[in-house]
Structure formats: C-alpha cells, structure tokens
Amino acid sequence: MKSLTKELWMDIPQRRMIVSLHEQVEDLVRESGVQDGMVLVNAMHITASVFINDNESGLHADYERWLEGLAPFDPGTDPGSGGYLHNRTGEDNADAHHKRQVMGREVVVAITDGKLHLGPWEHIFYYEFDGRRRKRVLVKIIGE
Amino acid sequence: MKSLTKELWMDIPQRRMIVSLHEQVEDLVRESGVQDGMVLVNAMHITASVFINDNESGLHADYERWLEGLAPFDPGTDPGSGGYLHNRTGEDNADAHHKRQVMGREVVVAITDGKLHLGPWEHIFYYEFDGRRRKRVLVKIIGE
Amino acid sequence: MKSLTKELWMDIPQRRMIVSLHEQVEDLVRESGVQDGMVLVNAMHITASVFINDNESGLHADYERWLEGLAPFDPGTDPGSGGYLHNRTGEDNADAHHKRQVMGREVVVAITDGKLHLGPWEHIFYYEFDGRRRKRVLVKIIGE
C-alpha cells in the first residue's frame, strides 16, 4: 500500500468564502504515485466544509443566500430571538457549525489510472464559514 | 490490494426520481473478490445524489416534498423573486445543485466477509434531481 | 493490508440524544495496529447519524431545535397537515429519516502514525433520532 498525507493551510481574510482545492488535490494524487485507490479530503475545523459541486460563481452566491436562510448568522445567545446557545461560550460562530453540517465535512474521491476519477463538472472546494484565522484541510491518499 | 472500478449509466426519463443501486453494488462487490475493504459509491454529476435510507415509497415521496420546500425548483434568475443566479448561465437546474447538498454526493460502505456490511434497513439509492439525460454513478472497491 | 471491524451497540433510553463515540473509535484504531489508513464510522440504522462537530452542550441543544425546525416530529400521516406519508407504514419516525440526511450517515477519518488524524476540535458523535431500542454503529478500519 502507498499513502500520502498532507495538511493544507487555509487563511481566508473574510468570514465566509468558497475556495477551490481542486488543483492542489490533483497535484497530490500525482505526487503520491497511487494508481488505484481513494483520496479523503476533509476540513480539520468544525466551522468549514469540503464539498464537490459546480465551479460557477452564481451558484456560489446562491449557496451563500440559501445557507444564510437555513442557519442565519446571529451573534446573540438567546434562541428565542434568533440567537444560539453555543454563543454563550463567547463565540459568535454557532451559525457556522450549522452551515457546515448542510455542506458536509469531507469528500472521498476514487483514484483510477493515477488520476482523480471525477465526472465532467465535479470540482473540489473548501467552504469557510468562520475565517479570518489560519485553518487546515487534510488530504489523505491510500492505494497502490 | 484488490480493486474494482465501474461506472454505472443512469438514464432517468423524468426530472426527479429515486432509483435503487443496491443490487448492482452487491453484484460488483461479489465480482471484485474483495473480502475486507470499502466501497465508494458516488454520483459523477453535481445535480444528483447517492444516499442510504429506507426502501419505502412513502418516505421517498416525503423527501420530494421536503426538498422542494428547502430548495424550490424555479427557473427564474432573480433571487429577489425566488430564482437563482446560477440560472443566468442558461440552466434551469440551480435547485438541483442545492437539493444534492442536502442528500449528499456519496456513500462509503464497509465490505466484510465478501459482502456489503450494512444494517437491516440500509439500502443504497441514486437520487436524480435533473434527469432526462444520461449520467453516471461511480463504484470503486478497494481491499483484500 | 490490516483491518479491524467492530459493531458498537447503542441503547439510547430516549427518542433523541447525542452521544460521543470518540474514545471508542480511538481505542479501536490503537487495537487495529494500523499506522496509516482510514476508518469509516457509520450508523447501521437509517434513523441515526454519525457526525463530527464540537463537544459543546449548547451547540447540541441548538442542533436539536434547528433540526426540529427543518423536519418537525409529527406522528401524523397527512402531509397536508404536517404529517408524513412514511408514517402510514405504522411508524411515527418519518422526521428521523429526514433529520439523519441533514446530519449524515457516516464519517471517514484518516489514520496517521497510528492515531486518528483530526483537527483540534473534531469530535466523533452518534446522533440518535429514534431511540428506545438497541441499534448499532459500524467501525471499519483499513490500512497498514
């Protein structure tokens, strides 16, 4: 079995942002020498997601609005008026912990003939829901 | 390490539909000869899901109604009146990109003693959110 | 390739509850002797989730309220008045099948240097949405 393990550092200057990881993951698969296997790509922080969808800025703006509707940002600590109990810890990022559940923590992608085995429009993204600090994404490749 | 890679073609005649993949995945696990490992099953298109839940038509109809509430179909391009920016690309399937995030892209299932290692009611499904064209599902098996 | 397969029994005395699986999974990774690989942790029942997020009781209470808003418990069988078609099977747990889709079926976690390779706040949980009976979680480890 071959394997490759790599932590990618993310440093997003704003609270929320979608960033492509696609080329970095492609490069790591090549570097691993794995011809046949799987790659796991996951956020190492619980206020961020890794997901696969379209590389289209309109859709990304749609996601922003949609997620804000499903789990609105609110620094308040009173659930009765839109806040979150989690924010009683001194954080203001409870919404981020919810948005990340909708978009997911991780993707697992097949490697075939030494390459990511993806459909024509599949693109790997990082979704930051509480940025303005350094965070990590893990890439783990196993196979032969 | 043994592996098996197979693309399954889906050709759903309507926009939305839930279709079982269960027997096909079972057959491929048998064919692979893998006794101990994992199988990844993922939609190769970003307007479809692979998920595991109950093989019960009432629940599937409930999902339809529920997802339509969470991310309604709307061919419009104006977010202010229910549309989506993504539809400015000429598509009318922005809702499908949202529904697929709720239901997920992929499942990873354990293989033990040469069989899918599942609970009593776990059943593998494909969920088409924008059909009427040929699309693919990937099955990737690795193990020994 | 090394592997380890273990079913964990869950016996939650109430309908809904979040329970840590973290130490049990850590122990199984150690027991497996795998230095480099992946561990799959999944609910074997379709009315429960395995997810990774914060070990913070306020957030867990927020999730409860949030999921109840997204897919309310209702034993009724009439979708027109808040019920679910699935409950016509004699069950009253249709909401649980929906909540589990939001929180997810499974997590896949990397193993590096013989340990779970996680970020600082990542914690593995089981989320029961329809308890008061014995159910199982599967832990499958593969690697070298």
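Residues numbered from 1 in each chain as written. Chains lettered and ligands numbered in written order. Predicted model: local features only at pLDDT ≥ 70, side-chain atom pairs only at ≥ 80, totals over all residues. Heavy atoms only, no water.

**Quick look at the overall build of chain A**
In step 1: Each helix and strand in chain A was counted, giving 3 helices and 8 strands.
In step 2: Taken from the N to the C terminus, the helices and strands of chain A come in the order β-β-α-β-β-α-α-β-β-β-β.
In step 3: Dimensions of chain A, computed from C-alpha atoms along their principal axes, come out at roughly 55 × 30 × 25 Å.
In step 4: Taking as baseline every contact in chain A between residues at least 6 positions apart, the subset at least 24 positions apart corresponds to 80%.
In step 5: For chain A, the accessible area works out to roughly 5300 Å², and carbon and sulfur atoms hold 47% of it. (Helix = DSSP H or I, 4+ residues; strand = E, 2+ residues; numbered from the N terminus. Contact = heavy atoms within 4.5 Å. Areas by Shrake-Rupley, 256 points an atom, 1.4 Å probe, with all protein chains shown as cover.)

**Some remarks on the relation of the copies chain A and chain B**
To go from the first copy of the chain to the second, apply a rotation about an axis and then a shift along the same axis.
In step 1: Screw-axis analysis of chain A against chain B gives a translation of 0.0 Å along the axis, an RMSD of 0.0 Å, and a rotation angle of 120 degrees. The two molecules are tied by a three-fold rotation axis, judged by turn and shift. Across chain A, the rotation axis passes nearest the C-alpha of Val 102 of chain A, at a separation of 3.4 Å.
In step 2: Interface overlap between copies is the fraction of interface residues in one copy that are interface residues in the other; for chain A against chain B it is only 18%, indicating separate surfaces. (Least-squares fit on C-alpha atoms with pLDDT ≥ 70 in both.)

**A look at the sheet that holds strand 7 (residues 123–128) of chain A**
Residues and elements named next belong to chain A.
In step 1: Here we have 3 strands laid out as an open sheet, ordered 2-7-4, and antiparallel in their pairing. At either end of the open sheet lies a strand with only one pairing partner, and these are strand 2 (17–20) and strand 4 (48–53). On average, each strand axis in the sheet is tilted by 30 degrees relative to the strand beside it, whichever way the strands run.
In step 2: Each of strand 2, strand 4 and strand 7 is contacted by helix 2 (residues 57–70), which is oriented at about 40 degrees to strand 7, the strand it contacts most. (Pairing = 2+ DSSP bridges. Axes fitted to C-alpha atoms, helices over the stretch in contact; angles between N-to-C directions.)

**Focus: helix 2 (residues 57–70) of chain B**
Residue and element names in this part refer to chain B.
In step 1: Helix length check: helix 2 (14 residues) gives 20 Å between terminal C-alpha atoms against 20 Å at 1.5 Å per residue, within 8%.
In step 2: Every buried residue of helix 2 is listed here: Gly 58, Leu 59, His 60, Asp 62, Tyr 63, Trp 66, Leu 67 and Leu 70.
In step 3: Its side-chain oxygen placed 2.9 Å from the backbone nitrogen of Gly 58, Glu 56 serves as the N-cap of helix 2. (Expected span 1.5 Å × (residues − 1). Buried < 20%, exposed > 50% of the residue type's maximum accessible area, 1.4 Å probe, protein only. Polar contact = N/O pair within 3.5 Å; in protein donor to acceptor, adjacent residues only side chain to side chain.)

**Overview of the confidence of the model for chain A**
In step 1: Summarising the model, chain A shows a mean pLDDT of 98, and 100% of its residues fall at 70 or more.
In step 2: ipTM for the predicted complex: 0.97, alongside a pTM of 0.98. (pLDDT = per-residue confidence, 0-100.)

**So, the environment of Val 29 of chain C**
All names here are of chain C.
In step 1: By secondary structure assignment, the location of Val 29 is in helix 1 (residues 22–32).
In step 2: According to the relative accessible area criterion, Val 29 is buried, its value standing at 2%.
In step 3: Note: C-alpha distance between Val 29 and Pro 13 (16 residues apart in sequence) is 28 Å.
In step 4: Excluding its chain neighbours within four sequence positions, the residues that come into contact with Val 29 are Val 34, Val 39, Ile 111, Gly 114, Lys 115, Leu 116 and Ile 141.

**Some thoughts on helix 3 (residues 94–103) of chain A**
All names here are of chain A.
In step 1: With 10 of 10 residues buried, helix 3 lies mostly within the body of the structure.
In step 2: When we look at burial in helix 3, the residues that qualify are Ala 94, Asp 95, Ala 96, His 97, His 98, Lys 99, Arg 100, Gln 101, Val 102 and Met 103.
In step 3: Phi turns positive one or two residues past the end of helix 3, at Gly 104, with a value near 95 degrees.

**What to know about the pattern of salt bridges**
In step 1: This structure, assessed with the given rule, holds 45 salt bridges over all chains.
In step 2: For Glu 106 of chain C, the salt bridge goes to Arg 105 of chain C, with nearest N and O atoms at 2.4 Å.
In step 3: Assessed through its relative accessible area of 13%, Glu 106 of chain C is described here as buried.
In step 4: Since its relative accessible area comes to 7%, Arg 105 of chain C is described here as buried.
In step 5: Each member of the salt-bridge network shares a partner with another, and the members are Arg 16, Glu 64, Glu 68, Asp 95 and Lys 99 of chain A. (Salt bridge = Lys/Arg side-chain N within 4 Å of Asp/Glu carboxyl O.)

**Let's talk about the nonpolar core**
In step 1: Trp 66 of chain A, Trp 66 of chain B together with Trp 66 of chain C are the most contacted members of the largest nonpolar core, which totals 48 residues.
In step 2: Residues contacting Trp 66 of chain C, with those up to four places away along its chain left out, are Leu 70, Ala 71, His 98, Gln 101 and Val 102 of chain A together with Val 102 and Met 103 of chain C. (Core = buried A, V, L, I, M, F, W, Y, C linked by side-chain atoms within 4.5 Å.)

**Some details on the interface of chain A and chain C**
In step 1: Facing the 33 residues of chain A at the interface are 34 residues of chain C.
In step 2: For the chain A face of the interface with chain C, the top three residues by lost area are Met 1, Ile 46 and Gln 101 of chain A, together amounting to 23%.
In step 3: Applying the counting criterion to the chain A and chain C interface returns 2 salt bridges.
In step 4: Ionic pairing is found between Arg 105 of chain A and Glu 122 of chain C, a salt bridge with its closest N-O pair at 2.7 Å.
In step 5: Counting every contact that joins chain A to chain C gives 17 residue pairs in polar contact (both at pLDDT 80 or more).
In step 6: Elements supplying a minimum of two residues to the side of chain A that touches chain C: strand 1 (2–11), strand 3 (36–43), helix 3, strand 5 (106–112) and strand 8 (134–143) of chain A.
In step 7: The dominant element in the side of chain A that touches chain C, judged by the number of residues it contributes, is helix 3 of chain A, at 6 residues.
In step 8: Of the residues that constitute the side of chain A that touches chain C, the class distribution is 17 nonpolar, 10 polar and 6 charged. (Buried area = accessible area lost by both parts, 1.4 Å probe. Nonpolar A, V, L, I, M, F, W, Y, C, P; charged D, E, K, R; others polar.)

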